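# Coordinates in review
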Amino acid sequence: LSTVLTRSSTSNAARVVGSMMDYVYVPDQPERAIQRVSDPRTKIVSLTVTEKGYCQATDGGLDFQNPLIQHDLKDLSCPSSAIGFITAGLIRRRDANQVPFTVMACDNLPENGIVARRMVLDFAGRYDPSGALKEWVEENVCFPSSMVDRITPQTGPEHRDILAQDFLLLDEWPVVAEEFRQWVIEDKFSCGRPRFEHVGAMFVKDVHSYELMKLRLLNGGHGVLAYLGYLLGYRFVDDAVADVLVSSFLRSYMDEVTPTVKNVRIEIERYKEKIVERFGNRFIKDKIARIAEDGSTKFYNTMRESVMELCDRGLHIHHCSLGLAGWMRYMAAEDEQGDPIELKDPKSGALSKLAKDALSKPNNARCITEFLRNAFGDEFVSIDRIVTEVTLSFYALKKIGSKETLKSGGPLHALLRNRLTGDPQDTLTQLLQFSGV
């Protein structure tokens, strides 16, 4: 049994979940686990892992240098990887002339079903050089993608106390979640499926449009809010959203990227309103530091394509640029009061140095260009407008600070306002020097 503690903006609700009837710990009982998935009564094998769990190489294919994959290619009787385990079960289903199970990815990886399919096919092709196994998987196994959306902050002692005091439940590790939940699933299964739509799931032909909606509006919004909110001195998401400067910027950012969200059966304006409401839930107390982790990975998925598309369509990128500049300012590892920031990012070494240089050196355009190149690639920085607007935004954050930049309605307004109240020639000269003009 486990407990789900749902925390809305007005109340708490606890539900004891008993749907997990049994479990097998694969490292201790690999054969029993393979027997379970090879049993014809098993219709779906769901997959909820991190990006690392897919063992994906940088080129998008399977990482054959991964020790787990190398182990499984030599001995599939006790798989070490999720990919090896799935393949072992599929081999037995094929050899028994049975309909294969469906591999249903349920994690946050974009196009998770497509990725899972490629990893299994790559593994099958290497494991069976004849190509027969790969061909069988290709023709018979379904890998539906899905998009799951529900904020679940880290469990803390206060959550255990709520369960004990308010609900008389003792659970050492309850799952804490917001009230909102959304599950969009590609309707593609090998041997039937449960009627998940009866409990709120949405089945569609193409999940990708819904993934982009979540990535660009919710996840992208989470990111820009986190970095600018942190610079403003906030440490929890709901506290930041309570500041009208932050909530207004968040809504403006979402409005800016909305033209890149298409082909979804959802009322987008209501969805955006709900995001602001969800982020402002004071009972969730989601830490900004958690959201700010791995920005180079997150922004690559949430910001890169949308910013490039907006530029290609001639639409403005003012708020996206300020969000990226806020991230870059955060990556300098020092907040606006001079206190250190603990960075957790796979590219923190290179990006932090470039951000610090941009903050300290007089001519910073090169540092900003290299920062964006390192994070998003050559194609991204080949668009001059992106580099120019991020440079302008970073300069405003450096010279005036996050509060005045947001309060003025954006970096250009902030700089013009500062120019009128300070020495105009001095401000203009510094801006030109900063931009490398």
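Residues numbered from 1 in each chain as written. Predicted model: local features only at pLDDT ≥ 70, side-chain atom pairs only at ≥ 80, totals over all residues. Heavy atoms only, no water.

## So, helix α7 (residues 208-231)
In this model α7 runs 33 Å from its N-terminal to its C-terminal C-alpha over 24 residues, within 8% of the 34 Å that 1.5 Å per residue would give. If you look at α7, its biggest bend is around 30 degrees, right at glycine 220. Across the 24 residues of α7, 22 count as buried, placing the element largely inside the fold. Phi turns positive one or two residues past the end of α7, at glycine 233, with a value near 105 degrees. (Helix = DSSP H or I, 4+ residues; strand = E, 2+ residues; numbered from the N terminus. Expected span 1.5 Å × (residues − 1). Bend = angle between axes of the 7 residues up to and from the residue. Buried < 20%, exposed > 50% of the residue type's maximum accessible area, 1.4 Å probe, protein only.)

## Side note on the pairing of strand β4 (residues 102-105)
Burial along β4 is two-sided: the residues Thr102 and Met104 and Val103 and Ala105 are all buried. With 4 bridges connecting them, strand β3 (residues 44-47) and β4 associate as parallel partners. Paired with serine 46 across the strands is methionine 104, a residue of β4. (Pairing = 2+ DSSP bridges.)

## Looking at a nonpolar patch on the surface
A grouping of Met20, Tyr23 and Tyr25 is seen on the molecular surface, where their side chains present a nonpolar patch of about 430 Å² in accessible area. Note that methionine 20 resides in the loop between β2 (12-17) and α1 (30-38). (Patch = residues over 30% accessible without salt bridge, like charges linked within 9 Å, V, L, I, M, F, W, Y side chains within 5 Å. Areas by Shrake-Rupley, 256 points an atom, 1.4 Å probe, with all protein chains shown as cover. Salt bridge = Lys/Arg side-chain N within 4 Å of Asp/Glu carboxyl O.)

## Comments concerning helix α4 (residues 112-127)
Taking 1.5 Å of rise per residue, 16 residues should cover 22 Å, and α4 covers 22 Å from first to last C-alpha, within 8% of that figure. Where α4 is concerned, the buried positions are Asn112, Gly113, Val115, Ala116, Met119, Val120, Leu121, Asp122, Phe123 and Ala124.

## Considering the sheet that holds strand β1 (residues 2-7)
The sheet built from 3 strands is open, its strands ordered β2-β1-β6 with mixed pairing. Looking along the sheet, the strands with just one partner apiece sit at the ends: β2 and β6 (175-178). For this sheet, the mean inter-axis angle between neighbouring strands, taken without regard to orientation, is 25 degrees. Packed on one face of the sheet, helix α6 (residues 157-167) meets β1, β2 and β6 and runs near 95 degrees to β1. (Axes fitted to C-alpha atoms, helices over the stretch in contact; angles between N-to-C directions. Contact = heavy atoms within 4.5 Å.)

## What to know about the packing of helix α9 (residues 244-257) against helix α14 (residues 318-330)
Here α9 crosses α14 at 125 degrees, and the two axes come no closer than 8 Å. Our classification of the angle between α9 and α14 gives oblique. Viewed along their axes, α9 and α14 form a crossing whose handedness is left-handed. For the pair α9 and α14, contact is made by Phe249, Ser252, Tyr253, Glu256 and Val257 and by His318, His319, Cys320, Leu322 and Gly323, respectively. Here the contact of α9 with α14 is built from residues that sort into 5 nonpolar, 4 polar and 1 charged. (Parallel < 35°, antiparallel > 145°, perpendicular 65-115°, else oblique. Left-handed = near helix turned anticlockwise from the far one by under 90°. Nonpolar A, V, L, I, M, F, W, Y, C, P; charged D, E, K, R; others polar.)

## Some words on unusual backbone geometry
At cysteine 55, a position not held by glycine, the phi torsion is positive, near 55 degrees. Within the secondary structure, cysteine 55 is located in the loop between β3 and α2 (67-74). According to the relative accessible area criterion, cysteine 55 is buried, its value standing at 3%. We note that aspartate 294 has phi near 55 degrees; this positive angle belongs to a residue other than glycine.

## Focus: the nonpolar core
Formed by 74 residues in total, the largest nonpolar core has its most connected members in Met213, Leu217, Phe279, Trp327, Phe371 and Leu372. Core analysis: the next-biggest nonpolar cluster, separate from the first, contains 34 residues, Val37, Leu47, Ile69 and Phe143 among them. (Core = buried A, V, L, I, M, F, W, Y, C linked by side-chain atoms within 4.5 Å.)

## Description of the pattern of salt bridges
One pass over the full model with this rule turns up 33 salt bridges. Linking arginine 36 and aspartate 22 is a salt bridge whose minimum nitrogen-to-oxygen distance equals 2.9 Å. Of this pair, arginine 36 sits in helix α1 while aspartate 22 sits in the loop between β2 and α1, and the two are 14 residues apart along the sequence. Between arginine 270 and glutamate 273 there is a salt bridge; the shortest N-O distance is 3.6 Å. Taken together, the positions of arginine 270 and glutamate 273, both in helix α10 (residues 268-279) and 3 residues apart, correspond to about one turn of that helix.

Note that every value here comes from positions in space, so none of it alone points to a role or purpose.
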